[in-house]
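Notes for the structure review
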Amino acid sequence: MIEGLPSPLPAALSSSPSSPFPAPRGAGPSKPREVPRHVACVMDGNGRWAAQRSLPRTSGHRAAETTVIDVIEAARAAGVTWLSLFAFSTENWRRPDTEIEFLMHLVRRVVRKHAPMLHARGIRCRFLGMTDPRIPPGLARDIADLTTLTGRNRQMTLTVAFDHGGRRDIVEAARSLIREGVPAEAVTEESFAAHLPFPDTPDVDLVIRTSGEQRISNFMLWQVAYAEWVFPPVLWPDFRSPDFLRCLHAYRRRERRFGGVPPNQNGEPRS
């Protein structure tokens, strides 16, 4: 894990050995990794962005819309095929009623405004969560319409975690297995994962959490088990495509071991 990111932007995520970016500790010596297949973003810092400008918290949420669209476009252009955005957690229901009401109206407006663009770009849209009865019926209908409209698209899958909790997903998967009468000894990681929401979702390769905070916050707990994390200090409303590309570059310079040992550390030559 790294707390900061290199400040210059790599040209087209260049893998040239003359790149000015130093390889983080544990990175391979030469060839960078491919662009991550699945990137997830914890969109943090809206309230602090507003507070720094003596504005209400709602102004930070409103400003975040531009970042969301910029990151979607940057991810698609970079070749990321799965993008997940953490928009509203099960814990966020504890916020003031006025803020929650604003967020519900904002999300509905954003969905309606950008649905044609998302469909035109070939982006499939899905919403992870959406089970709480407090979600306004109008918002639920618009989200259902968006998922139907874009359901056959395959250029990129955009998953918006809204009313989402990673622990809840795991509990619901366990309940589903119990209801089906699956014997305990027959439960495997694969069969368990098949009972999670959207089981075709690949594991997350890279998690980006803006604002410098370093917490998981109950986000896609099963899927991020082996993800790499970066923590850019920039607040979400100020986060832009160059920042996103720097995060991809940081990922590409790392060596993912999945619990193993690099070959050259045990006397074996690298392949």
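Note that residues are indexed from 1 along each chain, following the sequence as it is written. Whole-chain, interface and lining totals are the exception, using all residues; otherwise, since this is a predicted model, local features are given only for residues with pLDDT of at least 70 and side-chain atom pairs are given and counted only at 80 or more. Working from all heavy atoms in the structure, the side-chain values ignore hydrogens and water.

**What about the overall build of the chain?**
Helix and strand content of the chain: 7 helices and 6 strands. Per the convention used, a helix needs a DSSP run of H or I reaching at least four residues, while a strand needs a run of E reaching at least two, with both numbered from the N terminus. Taken from the N to the C terminus, the helices and strands of the chain come in the order β-α-α-β-α-β-α-β-α-α-β-β-α. Partitioning the contacts of the chain with sequence separation of at least 6, the portion at a separation of at least 24 is 78%. For this analysis, residues touch if any pair of their heavy atoms sits within 4.5 Å.

**Topic: the packing of helix 3 (residues 97-120) against helix 4 (residues 137-149)**
Convention adopted: a line fitted to C-alpha atoms gives each axis, helices being fitted over their contacting stretch, and angles between N-to-C directions are expressed from 0 to 180 degrees. For the pair helix 3 and helix 4, the least separation of the axes is 10 Å and the interaxial angle reads 15 degrees. Taken together, helix 3 and helix 4 sit at an angle that is classed as roughly parallel. Judged by the sense of rotation from one axis to the other, the crossing of helix 3 with helix 4 is left-handed. Contacts from Met104, Val107, Arg108, Val111, Arg112, Ala115, Leu118 and His119 of helix 3 reach helix 4 at Gly138, Leu139, Arg141, Asp142, Ile143, Leu146 and Leu149. Under this scheme an angle from 65 to 115 degrees is roughly perpendicular, one under 35 degrees roughly parallel, and one over 145 degrees roughly antiparallel; angles in between are oblique. We call a crossing left-handed when the near helix sits turned anticlockwise from the far one by less than a right angle, and right-handed when that turn is clockwise.

**Some remarks on the side chain of Glu228**
Residue placement: Glu228 occurs in strand 6 (residues 228-230). A distance of 2.8 Å separates polar atoms of two side chains, one belonging to Glu228 and the other to Arg254. Setting aside residues up to four positions removed in sequence, Glu228 forms contacts with Asp205, Leu206, Val207, Tyr251, Arg254 and Arg256. Here a polar contact is recorded for every N or O atom pair within 3.5 Å, except that within protein the pair must consist of a potential hydrogen donor and a potential acceptor, and residues adjacent in sequence are included only if both atoms are side-chain atoms.

**Comments concerning the pattern of salt bridges**
Counted as salt bridges are all cases of a side-chain nitrogen of Lys or Arg within 4 Å of a carboxyl oxygen of Asp or Glu. Under the counting rule described, the total for this entry stands at 19 salt bridges. We note a salt bridge from Arg112 to Asp142, for which the minimum N-O separation is 2.8 Å. Separated by 30 residues along the polypeptide, Arg112 in helix 3 and Asp142 in helix 4 bring together distant segments of the chain. For every residue, the accessible area (1.4 Å probe, protein chains only) is compared with the maximum for its type, and the residue is labelled buried under 20%, exposed over 50%, or partly exposed between those bounds. Under the relative-accessibility criterion, Arg112 is labelled exposed at 53%. When its relative accessible area of 11% is taken as the criterion, Asp142 is described as buried. Among the salt bridges present, the one from Arg124 reaches Asp200, with a minimum N-O distance of 3.8 Å. Of this pair, Arg124 sits in strand 3 (residues 123-129) while Asp200 sits in the loop between helix 6 (189-193) and strand 5 (206-209), and the two are 76 residues apart along the sequence. Overall, the relative accessible area of 9% leaves Arg124 in the buried class. The exposure class assigned to Asp200 is partly exposed, which follows from its relative accessible area of 41%. Connected via shared salt-bridge partners are Asp44, Arg48, Arg209, Glu213 and Arg215.

**What about the pairing of strand 5?**
Residue alternation in strand 5 divides its side chains into two sets, Leu206 and Ile208 and Val207 and Arg209, and both sets are buried. We treat two strands as partners when DSSP finds at least two bridges between them. Summarising the sheet, strand 5 and strand 6 pair through 3 bridges and their orientation is parallel. Note that in strand 6 the partner of Ile208 across the bridge is Val230.

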